[in-house]
Amino acid sequence: MWHEFALGLDFADPRATIDLLIAANAITLRPDCDRATAALILAKAAAAGFHRGEAPKGFDDTTARAFAVRLTDAMVTGQFTAARFALPPEALRLVIRQLGPRGPLPLPPLSLGHAPHRPRFAFAGWHPVRQPARARSA
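Residues numbered from 1 in each chain as written. Predicted model: local features only at pLDDT ≥ 70, side-chain atom pairs only at ≥ 80, totals over all residues. Heavy atoms only, no water.

With that out of the way, let us pick up the overall build of the chain. Each helix and strand in the chain was counted, giving five helices and zero strands. Reading the chain from its N terminus to its C terminus gives the helix and strand order α-α-α-α-α. Sorting the 138 residues of the chain into buried and exposed places 38% on the buried side. For the chain, restricting intrachain contacts to residue pairs at least 6 apart in sequence, the fraction spanning at least 24 positions comes to 71%. With an accessible surface of roughly 9,200 Å², the chain has 59% of that area assigned to carbon and sulfur atoms. (Helix = DSSP H or I, 4+ residues; strand = E, 2+ residues; numbered from the N terminus. Buried < 20%, exposed > 50% of the residue type's maximum accessible area, 1.4 Å probe, protein only. Contact = heavy atoms within 4.5 Å. Areas by Shrake-Rupley, 256 points an atom, 1.4 Å probe, with all protein chains shown as cover.)

As a packed pair, helix α2 (residues 18–29) and helix α3 (residues 35–47) sit with axes 10 Å apart at the nearest point and diverge in direction by 150°. Taken together, the axes of α2 and α3 are roughly antiparallel relative to one another. Of the two possible hands of crossing, α2 and α3 adopt the one that is left-handed. In contact with A24, I27 and T28 of α2, α3 contributes T37, A38 and I41. When the residues that make up the contact of α2 with α3 are grouped by side-chain class, the tally is four nonpolar, two polar and no charged. (Axes fitted to C-alpha atoms, helices over the stretch in contact; angles between N-to-C directions. Parallel < 35°, antiparallel > 145°, perpendicular 65-115°, else oblique. Left-handed = near helix turned anticlockwise from the far one by under 90°. Nonpolar A, V, L, I, M, F, W, Y, C, P; charged D, E, K, R; others polar.)

A separate point is α3. For α3, spanning 13 residues, the distance from its first C-alpha to its last is 18 Å, which sits close to the expected 18 Å at 1.5 Å a residue. Residues of α3 that are buried: A36, T37, A38, A39, L40, I41, L42, A43, K44, A45 and A46. Its buried side turned inward, α3 meets α1 (2–8), α2, α4 (61–76) and α5 (89–99). One side-chain oxygen of the residue at the start of α3 lies 3.4 Å from the amide nitrogen of A36, identifying that residue as D34. One or two steps after α3, the chain reaches G49, where phi turns positive at roughly 90°. (Expected span 1.5 Å × (residues − 1). Polar contact = N/O pair within 3.5 Å; in protein donor to acceptor, adjacent residues only side chain to side chain.)

Another aspect to go through is the pattern of salt bridges. Counting across every chain of the model gives two salt bridges. D13 is the salt-bridge partner of R15, the closest N and O atoms lying 3.0 Å from each other. Residue class for R15 comes out exposed when judged on its relative accessible area of 70%. One salt bridge in this structure joins D32 and R30, with 3.3 Å as the shortest N-O distance. Residue class for D32 comes out partly exposed when judged on its relative accessible area of 31%. (Salt bridge = Lys/Arg side-chain N within 4 Å of Asp/Glu carboxyl O.)

Shown next, in the form of C-alpha cells:
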C-alpha cells in the first residue's frame, strides 16, 4: 500500500496540501519502510523543490526542507530495509534523475532491487480469457 502511495504521490499538484507530506513522513519513519519506496518519495520531494526550501503552494517551506533533509540522511545512513518492490521504469528514471550523481540530491548508489514490476491490479499469473468457452456437445 505504501509503495502504491509513493507511485501516485504528486507534491507539485496544485491541490496538494501538507497532508501529503504528513503521510509521506509517517511512511518513511516506519522501521519496515523499504528503500525503493523511500527513494521514490524523496525523488518526488526533490522534484517539487523541497530540498531547496521552495515548496509548492500548500506546503510550508521550512517543514518541506526539514523532511527532505531527514529523508536524505536516512537514505545515506541506510535506515531502510532492502527494496522489496521494483519501481516501474518511469519512477526509476525519476529516482535516477533526482538522486543520481548529476541530480539535485546525489546519493551513493542505491540498491533498489531488480524484481520485475507488476502492473497495478494484476492478478498473479491470471490473464483474461481471450475466447469464450465452447459448449460441449453431448
